[in-house]
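# Examining the three-dimensional arrangement
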Amino acid sequence: MKITIFAALALICTGSAAWADDYVMLKVGNQDITATEVQRTWEGLFPTGSAPAFDTVNESVRQNVLRGIITEKLVMQEALKQNLDKNDAVLKEIKAAKNKIILRHFLDSKTEGMISDDAVKAEYDRLVRAQKEEKEIRARHILVADEKEAKELAEKIDDGESFEKMAKEFSKDPGTAKQGGDLGYFTKDKMVKEFAEEAFDLDVGEVSDPVKSPFGWHLIKVEDKRAVTVPTYNEAKDDIKMRLQEAKLNSYMQQLLKAADVTYFDAKGKQIPFDKDAAELKDNE
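First, a word on what this report is: a plain description of the structure on this page. Since this is a predicted model, take the numbers as computed values, not measurements. (Residues numbered from 1 in each chain as written. Predicted model: local features only at pLDDT ≥ 70, side-chain atom pairs only at ≥ 80, totals over all residues. Heavy atoms only, no water.)

Glancing now at the overall build of the protein chain. Within the protein chain one finds 9 helices and 8 strands. Here the C-alpha radius of gyration of the protein chain, 27 Å, is well above what a compact globule of 285 residues would show, namely 19 Å. Seen through its principal axes, the protein chain has C-alpha atoms that stretch 80 × 60 × 45 Å. Buried residues in the protein chain amount to 26% of all 285 residues. Contacts spanning at least 24 positions in sequence make up 59% of the contacts within the protein chain whose residues lie at least 6 apart. Element-wise, carbon and sulfur atoms account for 52% of the exposed surface of the protein chain, whose accessible area totals about 19,700 Å². Taken together, the 44 basic and 54 acidic charged side chains of the protein chain have centroids lying 4 Å from each other. (Helix = DSSP H or I, 4+ residues; strand = E, 2+ residues; numbered from the N terminus. Rg over C-alpha atoms; globule rule 2.2 N^0.38 Å. Buried < 20%, exposed > 50% of the residue type's maximum accessible area, 1.4 Å probe, protein only. Contact = heavy atoms within 4.5 Å. Areas by Shrake-Rupley, 256 points an atom, 1.4 Å probe, with all protein chains shown as cover. Lys, Arg positive; Asp, Glu negative; His and termini not counted. Charge placed at Lys NZ, Arg CZ, Asp CG, Glu CD.)

Spelled out as structure tokens, the structure:
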């Protein structure tokens, strides 16, 4: 798994856009509250993109929301009377928030028009060609700590015990044990090498011998095999464009990093080596 610079920045650079048609909706003393501010607060009450337009909801609901906004402003006024806006801890948080906003707008400006529709279509066609012969399987697995336990469970399954029941009872994988070890459908590249090679060599219904991976010892049972379903261009284009943008932005930021003068110190002030290239992390890191 490669941790890209863009991926790290994306975690801190979220925000919402301003509204074009704005007006003063409320006055609290001499302070104006705009329709944009109200709309942003309203949208924050819903999952992203699911909020109805504020002016379409019941007036009693609208005024409940407005009362909350007004109350926040009044509490803010009280906080300012105590000079909390000059508090050192507050000023540090304000600076951090300001930096995030600047970064978000800069990255938005860099990505605008960065990837053409032709580039997206070309990447989609490449993915279709690559996936044309690709297979995926549905499998279950049981994960245990040592080979001895894996062999004991394999013997029980050979004697007729249900694989699903054994997975629920003994598997140490918290994500799949309750589902009887069900991993769903996956392609070969989605699993660690040792697991994937064994799983894709099995026939449907076959159970593997114990397989060692960085996570422990596995028993694997293949439930189904099928050709990979390729999404349509309309289904895939947004995701492809986002990935192409991320790749270009990461390349740009890697160039900035390589050109920067960086000196790295430990807690005692001793200079230690610093690698400007993104590291390839191992599974146990």
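The structure having been displayed, the exposition proceeds.
This next bit is on the packing of helix α4 (residues 88–111) against helix α9 (residues 233–259). Direction vectors running N to C along α4 and α9 enclose 115°, while the axes themselves pass 11 Å from each other. One element, α4, and the other, α9, form an angle in the roughly perpendicular class. Judged by the twist between their axes, the crossing of α4 over α9 is right-handed. When α4 is examined against α9, the residues F106, L107, K110 and T111 are found in contact with a partner set consisting of Q245, L249, Y252 and M253. (Axes fitted to C-alpha atoms, helices over the stretch in contact; angles between N-to-C directions. Parallel < 35°, antiparallel > 145°, perpendicular 65-115°, else oblique. Left-handed = near helix turned anticlockwise from the far one by under 90°.)

Where strand β1 (residues 24–28) meets strand β2 (residues 31–34), 4 bridges bridge the pair, whose relative direction is antiparallel. Along β2, the bridge assignment pairs V24 with T34. The turn joining β1 and β2, which pair antiparallel and follow one another in sequence, is formed by 2 residues; a positive phi near 65° is taken by G29. (Pairing = 2+ DSSP bridges.)

Now for helix α5 (residues 117–131). At 3.6 residues per turn, the α-helix brings residues three or four places apart onto the same side. For α5, with 15 residues, the first-to-last C-alpha span of 21 Å sits near the 21 Å given by 1.5 Å per residue. For α5, every residue scored as buried is listed here: V120, E123 and Y124. One face of α5 carries all of its buried residues, which in axial projection span an arc of 105°. Exposed residues lying more than 90 degrees from the buried face of α5 are D118 and R129. Those residues of α5 hidden inside the fold are in contact with α9. (Expected span 1.5 Å × (residues − 1). Arc of directions from axis to C-beta.)

Before going further, it helps to examine unusual backbone geometry. Residue N83 is not a glycine yet carries a positive backbone phi of 60°. Within the fold, N83 resides in the loop between α3 (59–81) and α4.

A word on the pattern of salt bridges. If you walk through the whole model with that rule in mind, you get 17 salt bridges. With a shortest N-O distance of 2.5 Å, K73 and E37 are connected by a salt bridge. On the criterion of sequence distance, the pair formed by K73 in helix α3 and E37 in helix α2 (residues 35–43) is long-range, its members being 36 residues apart. E164 is the partner of R140 in a salt bridge, and the nearest nitrogen-oxygen pair spans 3.9 Å. Of this pair, R140 sits in strand β3 (residues 135–144) while E164 sits in helix α7 (residues 163–170), and the two are 24 residues apart along the sequence. Note on E164: relative accessible area 32%, which makes it partly exposed. Salt bridges sharing common partners tie together R140, E164, K168 and E223. (Salt bridge = Lys/Arg side-chain N within 4 Å of Asp/Glu carboxyl O.)

Turning our eyes to something else, we now look at the side chain of S208. Counting through the fold element by element, S208 comes out in the loop between α8 (193–201) and β5 (211–213). Among the residues examined, S208 registers a relative accessible area of 4% and is labelled buried. The residues contacting S208, other than those within four sequence positions of it, are E198, L202, H218, L219 and I220.

Moving on, we get to the sheet that holds strand β4 (residues 182–187). Read from one edge of the open sheet, 4 strands run β4-β3-β6-β5, paired in antiparallel fashion. Edge positions in the sheet fall to β4 and β5, since each has one partner strand and no second. Strand-to-strand twist in this sheet, taken as the mean axis angle between neighbours without regard to direction, amounts to 45°. Of the strand pairs in this sheet, β5 and strand β6 (residues 216–227) are connected by 3 bridges, and their pairing is antiparallel. The partner of V211 across the bridge, within β6, is H218. Along the sheet face, α7 touches β3 and β6 and points at about 50° away from the line of β3. Helix-sheet contacts for α8 involve β3, β4, β5 and β6, and the interaxial angle to β6 is about 50°.

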